[in-house]
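Chain by chain, the residues run as shown.
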2 protein chains.
Amino acid sequence: MNAKPGDRVIVTTKKEEVDGILMPNQETEALVLKLASGYNIGISQDKVVDVRVAEAAGRDAVKADKPGQEEQKKANTTETEEAKKLPAIAILHTGGTIASKVDYATGGVIASFTADDFLAMFPEIKSIARIKAVLIDNLMSEDMRFSHYQKIARAVQQEAAAGVDGIIIGHGTDTLAVTAAALSFMIESPAIPIILVGAQRSSDRPSTDAALNLLSAALFIAKTDAVGVAICMHETVDDDACVILPPAKTRKMHTTRRDAFKAVGDTPLARIDYEKKEVTMLKQGYLRKEDAKTDAAAAKAAGGKKMAIRDKFEEKVGILRVYPNMSREVIDVYIRHGYKGLVLEGTGLGHAPTNIPENHPNYEALKEFIAKGGLVVLTSQCIFGRVNRDVYTNTRRLGNIGVIYGEDMLTETAFVKLAWLLGNYGKEEARKLLAKNLRGEISERTEL
Amino acid sequence: MNAKPGDRVIVTTKKEEVDGILMPNQETEALVLKLASGYNIGISQDKVVDVRVAEAAGRDAVKADKPGQEEQKKANTTETEEAKKLPAIAILHTGGTIASKVDYATGGVIASFTADDFLAMFPEIKSIARIKAVLIDNLMSEDMRFSHYQKIARAVQQEAAAGVDGIIIGHGTDTLAVTAAALSFMIESPAIPIILVGAQRSSDRPSTDAALNLLSAALFIAKTDAVGVAICMHETVDDDACVILPPAKTRKMHTTRRDAFKAVGDTPLARIDYEKKEVTMLKQGYLRKEDAKTDAAAAKAAGGKKMAIRDKFEEKVGILRVYPNMSREVIDVYIRHGYKGLVLEGTGLGHAPTNIPENHPNYEALKEFIAKGGLVVLTSQCIFGRVNRDVYTNTRRLGNIGVIYGEDMLTETAFVKLAWLLGNYGKEEARKLLAKNLRGEISERTEL
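Only a predicted model underlies this, so the values are computations on that prediction, with no experimental measurement involved. (Residues numbered from 1 in each chain as written. Chains lettered and ligands numbered in written order. Predicted model: local features only at pLDDT ≥ 70, side-chain atom pairs only at ≥ 80, totals over all residues. Heavy atoms only, no water.)

Considering the overall build of chain A
- Across its full length, chain A carries 12 helices and 21 strands.
- Across the 448 residues in chain A, those meeting the buried criterion constitute 62%.
- Relative to all contacts within chain A whose residues are 6 or more apart in sequence, the contacts with residues 24 or more apart total 68%. (Helix = DSSP H or I, 4+ residues; strand = E, 2+ residues; numbered from the N terminus. Buried < 20%, exposed > 50% of the residue type's maximum accessible area, 1.4 Å probe, protein only. Contact = heavy atoms within 4.5 Å.)

The following block contains the structure:
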């Protein structure tokens, strides 16, 4: 087979001819082709009679969305003029399933595509935007640390300064929403859209959701003037529309579904019907477009080109999920190791096993942590709803020792917010800002 | 005012007359009446012109559901015959909002009703069943420990031996579903229905959901022959129907909503339309009615009257929710304190920050915990869906050191199951049973 990844090929089997783009890193016993519909298909090697290169890769700077030979010819002739009109998007590649393939050593899936591979897999994007792909990291997102958030934020800043119209960040889904929350705090005056995308099925599988998420993010950037950090993932399990989700109020709510990402105590910001190429804004102004213009103008006036970021994090911050029968040693560990902040993920309206007897060891441990200078923020394992200090005697007891009520913040958001505040502000300022809405992470009211 | 809690009273204000049952512990500036509709209403004391006792409490062993004078007369005359036909239900009272009132010392809500108060508040129940109320504890459920589960299980066993047809357990909502899961494991041959109920608003408030939950549970016991442990809570925010939820696959998913309890990866077992007094079974056979009959017959034949329970728990079991930037000391604490079991609540399909570098301190700590004899069960913070060892290289790494994949078990269910298994079985038996479905806590397949 002379065909190379990215080539448009005609694969002949005993039954049919299949026209599509050959996907890279073919080590399986099947060829994977990306069809004009956007779907991938796998064809078993032993059924393949012939593979013919219809069009070699690398010649098509602008490619039509559903490439047929007629459209392609047109695209090639109008390449320069059309391409110039398209917005410039930088794709920052951090790893995860969206950029992963099967690891034939173990049979599992590992992150391993290069940025060029990644771009070759989604040729349709070239009809939406001028693309620059940058490999900034290559890890599954469960291993993301604060240092990775800093690396990403600085890369965002750099690309923005270089003049791109928008940034797409490819990210593993496990902690994608946590990184989105972290970036929303770190990037204080976003002048362009910064959209995180992931995939629940790896990009070289026929069932991948990567293409729709990535292309919808690009379309959102190209068709709107919204700015700021957000997430773009499938709206439903169908492969036809995506939603733009708020960075600090979104959570991965299913291990495998394509529509696992849900706004919690909030709504999607926009909907992208990819078939119709339509973007509908559902919550105008959320992404602070007007603010951004003012900020950007001010920055320009001041001679600055870079977006302002605050990128420090306090490393000594943890999450403790309470559970029945819990003993104080699991709180004490945060005291012994000099932690500065702790998110206490309580039950219900914000409770913890701290009340019976009145001087419960857990209660005493929390008091000690706070007395030694730590900040404790309370969130709820319920996921939905708001913690409330004023309903029960037991919550008041926690309030009385200085526990801060996290309102309707997600546990993960409260965690990165706390680490970010303690990294960039003094303790008293951090305490004040914790229960204040900074990036849409706290709603005014919770629906009952 | 001569009226006492439980009396049916006619309250006259400048605008209207209100007929209802006076609720107990009136220390507020308002009277609270339970209306015939089941709803409570609060009437400001300064608007009250007159309170007349229409019918004193304590004379009505059987009370019609919507008591009018005509119905009441009839009920009184037919009391003995009708009451005899009704099923006997024991209400075990453990505390929580369903049995709580405002604490005027602090303004919060505390658990403090006696069993008699509780019964006086829900007089309608007497038309559904012969009721025995037992005060076995009085605490908010965030403070429930394994010792409380044991107390409840033994009380259940005792009441069952005394011949009741069903048991209702009043419980705080925070950990109600966890206690339900624990009881479902402990009670090995339930011969009667054991239904946990709670309330999101305290029982002396006009907006309480306690009445519908309690009465629907009683109706479910009276109208069906299903047996086993289950939960009865509001189906929607409307005050007209309840659902019976599976004990080991239900979660409190909102801090305040009346319909906060949701089956996760499962469906409700039954629906109770309380207005129409109709019970619809949605999942016949789930509660092992046939098994129970056989078990009960066998027990009777063997001369035993008691339901079999296994009520031991291993105290040294914890839950660790992983988070970005996590350091090994939060795993080490479980090693240092000799824990025997740990539920690792990972991200996505079952991941943890353990992979970069390859000998990550967290990875080494988990290896050490397992090498020292501990069992680790992996669940997912996604809540919905199933963990899977076989998709990613990173999950395989955890599997290789002996981490057990918790399938689609809820974290809380995996926690009580692990503690219960280690308390009642040897370690190897516990390991085997962990990933096996015992009480509906593991589904065969997860919908994608």
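Notes on the relation of the copies chain A and chain B
- When chain A is fitted onto chain B, the two copies agree to an RMSD of 0.1 Å after a turn of 180° and an axial shift of 0.1 Å. Classification of the inter-copy transformation places it as that of a two-fold axis. (Least-squares fit on C-alpha atoms with pLDDT ≥ 70 in both.)

Here we look at the pairing of strand 20 (residues 375-380) of chain A
All names here are of chain A.
- Counting buried positions along strand 20 yields six of six residues, so the element is predominantly enclosed.
- Judged by which residues are buried, strand 20 turns out to be covered on both faces: Leu 375, Val 377 and Thr 379 on one side and Val 376, Leu 378 and Ser 380 on the other are all buried.
- Bridge count between strand 19 (residues 341-346) and strand 20: six bridges; the pairing is parallel. When the bridges of strand 20 are listed, Gly 346 appears paired with Ser 380. (Pairing = 2+ DSSP bridges.)

Some thoughts on the packing of helix 8 (residues 329-336) of chain A against helix 8 (residues 329-336) of chain B
- Running from N to C, helix 8 of chain A and helix 8 of chain B cross one another at 130°; their axes reach a closest spacing of 9 Å. For the element pair helix 8 of chain A / helix 8 of chain B, the angle class is oblique. Helix-helix and strand crossings are classified by hand; for helix 8 of chain A and helix 8 of chain B the assignment is right-handed. Along its contact with helix 8 of chain A, which presents A:Glu329, A:Val330, A:Val333, A:Tyr334 and A:Arg336, the element helix 8 of chain B presents B:Glu329, B:Val330, B:Val333, B:Tyr334 and B:Arg336.
- A per-class count over the contact of helix 8 of chain A with helix 8 of chain B returns six nonpolar, no polar and four charged. (Axes fitted to C-alpha atoms, helices over the stretch in contact; angles between N-to-C directions. Parallel < 35°, antiparallel > 145°, perpendicular 65-115°, else oblique. Left-handed = near helix turned anticlockwise from the far one by under 90°. Nonpolar A, V, L, I, M, F, W, Y, C, P; charged D, E, K, R; others polar.)

Re the side chain of A:Asn424
Residue and element names in this part refer to chain A.
- Turning to its location among the elements, Asn 424 is positioned in helix 11 (residues 411-424).
- Given the relative accessible area of 18%, Asn 424 is considered buried.
- A distance of 2.8 Å separates a polar side-chain atom of Asn 424 from the backbone oxygen of Lys 312.
- There is a polar contact of 2.8 Å between the side chain of Asn 424 and the backbone oxygen of Trp 420.
- In this view, Asn 424 contacts Arg 310, Asp 311 and Lys 312; residues no more than four positions away in its chain are not counted. (Polar contact = N/O pair within 3.5 Å; in protein donor to acceptor, adjacent residues only side chain to side chain.)

A short note on the packing of aromatic side chains
All names here are of chain A.
- In this structure the tally under the stated criterion is 16 aromatic pairs over all chains.
- Here the aromatic rings of Phe 146 and Phe 415 are separated by 5.8 Å at their centres, their planes lie at 35°, and the arrangement is tilted. One end of the pair, Phe 146, is in helix 4 (residues 146-161); the other, Phe 415, is in helix 11, with 269 residues separating them in the sequence. We note that Phe 146, like Phe 415, is buried.
- Geometry around Tyr 274 places Lys 277 over its ring, the cationic atom sitting 3.9 Å from the centre. (Phe/Tyr/Trp six-rings, centres within 6.5 Å; stacked < 30°, edge-to-face > 60°. Lys NZ or Arg CZ within 6 Å of the ring centre and 35° of its normal.)

Observations concerning the interface of chain A and chain B
- Each partner contributes residues to the interface: chain A has 74 residues there, and chain B has 75 residues.
- A combined buried area of about 6,100 Å² lies between chain A and chain B, and 51% of that area is made up of carbon and sulfur atoms.
- For chain A, the biggest contributors to the area lost against chain B are A:Thr255, A:Arg321 and A:Asn325; these three give 12% of the whole.
- Salt-bridge contacts for B:Arg321 lead to A:Glu345; the nearest nitrogen and oxygen are separated by 3.2 Å.
- Applying the counting criterion to the chain A and chain B interface returns 28 residue pairs in polar contact (both at pLDDT 80 or more).
- Listing elements by their share of the side of chain A that touches chain B, those giving two or more residues are strand 8 (109-111), helix 4, strand 14 (250-252), strand 18 (317-321), helix 8, helix 10 (393-400) and helix 11 of chain A.
- Broken down by element, the residue count for the side of chain A that touches chain B peaks at five residues, all from helix 8 of chain A.
- For the side of chain A that touches chain B, the class distribution of residues is 29 nonpolar, 26 polar and 19 charged. (Buried area = accessible area lost by both parts, 1.4 Å probe. Salt bridge = Lys/Arg side-chain N within 4 Å of Asp/Glu carboxyl O.)

Re the packing of helix 4 (residues 146-161) of chain B against helix 5 (residues 176-186) of chain B
Residue and element names in this part refer to chain B.
- Running from N to C, helix 4 and helix 5 cross one another at 55°; their axes reach a closest spacing of 10 Å. By the angle between their axes, helix 4 is oblique relative to helix 5. In this structure, helix 4 crosses over helix 5, and the sense of that crossing is right-handed. Contacts between helix 4 and helix 5 involve Tyr 149, Gln 150, Ile 152 and Ala 153 from the first element and Val 178, Thr 179, Ala 182, Leu 183 and Met 186 from the second.
- Tallied by class, the residues present in the contact of helix 4 with helix 5 amount to seven nonpolar, two polar and no charged.

Quick word on the sheet that holds strand 12 (residues 228-234) of chain A
All names here are of chain A.
- Reading across the sheet, the eight strands line up as 9-6-10-11-12-13-16-17 and stay open at both edges, with mixed pairing between neighbours. Every interior strand has two partners, whereas the edge strands, strand 9 (130-135) and strand 17 (278-281), have only one. Strand-to-strand twist in this sheet, taken as the mean axis angle between neighbours without regard to direction, amounts to 25°.
- Relative to strand 10 (residues 166-170), strand 6 (residues 88-93) runs parallel, the two sharing five bridges. Bridging from a neighbouring strand, Leu 92 pairs with Ile 169 of strand 10.
- Packing against the sheet, helix 6 (residues 210-223) makes contact with strand 6, strand 10, strand 11 (193-197), strand 12, strand 13 (241-245), strand 16 (270-273) and strand 17, and its axis sits at approximately 170° to strand 11.

Digging into unusual backbone geometry
- Following A:Ile356, the chain continues into A:Pro357 via a peptide bond in cis, with omega recorded as 0°.
- Among the structural elements, A:Pro357 can be located in the loop between strand 19 and helix 9 (361-371).
- With a phi angle near 55°, B:Lys277 is a residue other than glycine that sits in the positive phi range.
- Residue B:Lys277 is classed as partly exposed on the basis of its relative accessible area, which comes to 22%.
- Phi at B:Asn325 takes a positive value of approximately 75°, unusual for a residue other than glycine.
- Along the polypeptide, B:Asn325 turns up in the loop between strand 18 (317-321) and helix 8.
- Given the relative accessible area of 4%, B:Asn325 is considered buried.

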